[in-house]
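Residue-level listing of the chains:
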Amino acid sequence: MAKRPSKHLREPRPLSMGGFARLEGKADGDWMVQTMPADSATKTYTCPGCGQPVVPGTAHLVAWPREAGIGSTSAVEERRHWHTSCWQRRR
Ligand SMILES: [Zn+2]
């Protein structure tokens, strides 16, 4: 029987932008939130809070559920880009 690989599983590090994700509790669960500095924002995203684009060069934040949803292999795949103000309005 083959030896098991090391038990030292790495913490998932989905977003290698430096910076740390923090945990925020919202009404619908716990979310990991990471700020995205303006110089890392190079694509346009749609903010789920207001439906408006998050344009490149805008400091914003990325949020994803702490636990992957049903049918999702990775919570990180569910991450969304939010305007900072929209996220803060969210409960
Ligand atoms: Zn927004």
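Provided above is the structure to which this section pertains.
The present account deals with the structure reproduced in this document. Every value quoted in this text rests on a predicted model; they were computed, and no experiment measured them.

Notes on the overall build of the protein chain
Helix and strand content of the protein chain: 1 helix and 6 strands. When the helices and strands of the protein chain are listed from N to C terminus, the series reads β-β-β-β-β-β-α. Scored against the burial criterion, the 91 residues of the protein chain give a buried share of 16%. Across the protein chain, every contact between residues at least 6 apart in sequence was considered, and the portion connecting residues at least 24 apart equals 45%.

Structural notes on the environment of Ser74
Mapped onto the elements of the fold, Ser74 is located in the loop between β5 (60-65) and β6 (80-82). A residue is classified by how many C-beta atoms lie within 10 Å of it, and Ser74, with 12 of them, is exposed. Separated by 10 residues in sequence, Ser74 and Trp64 place their C-alpha atoms 9.8 Å apart.

Overview of the sheet that holds β6
The antiparallel open sheet is built from 4 strands, whose spatial order is β1-β2-β5-β6. Of all strands in the sheet, those with a lone pairing partner are β1 (22-26) and β6, marking the two edges. Within this sheet the neighbouring strands show an average axis-to-axis angle of 35 degrees, counted without direction.

What counts, and at which threshold
Residues numbered from 1 in each chain as written. Predicted model: local features only at pLDDT ≥ 70, side-chain atom pairs only at ≥ 80, totals over all residues. Helix = DSSP H or I, 4+ residues; strand = E, 2+ residues; numbered from the N terminus. Buried ≥ 20, exposed ≤ 12 C-beta atoms within 10 Å, placed from the backbone. Contact = placed C-beta atoms within 7 Å. Pairing = 2+ DSSP bridges. Axes fitted to C-alpha atoms, helices over the stretch in contact; angles between N-to-C directions.

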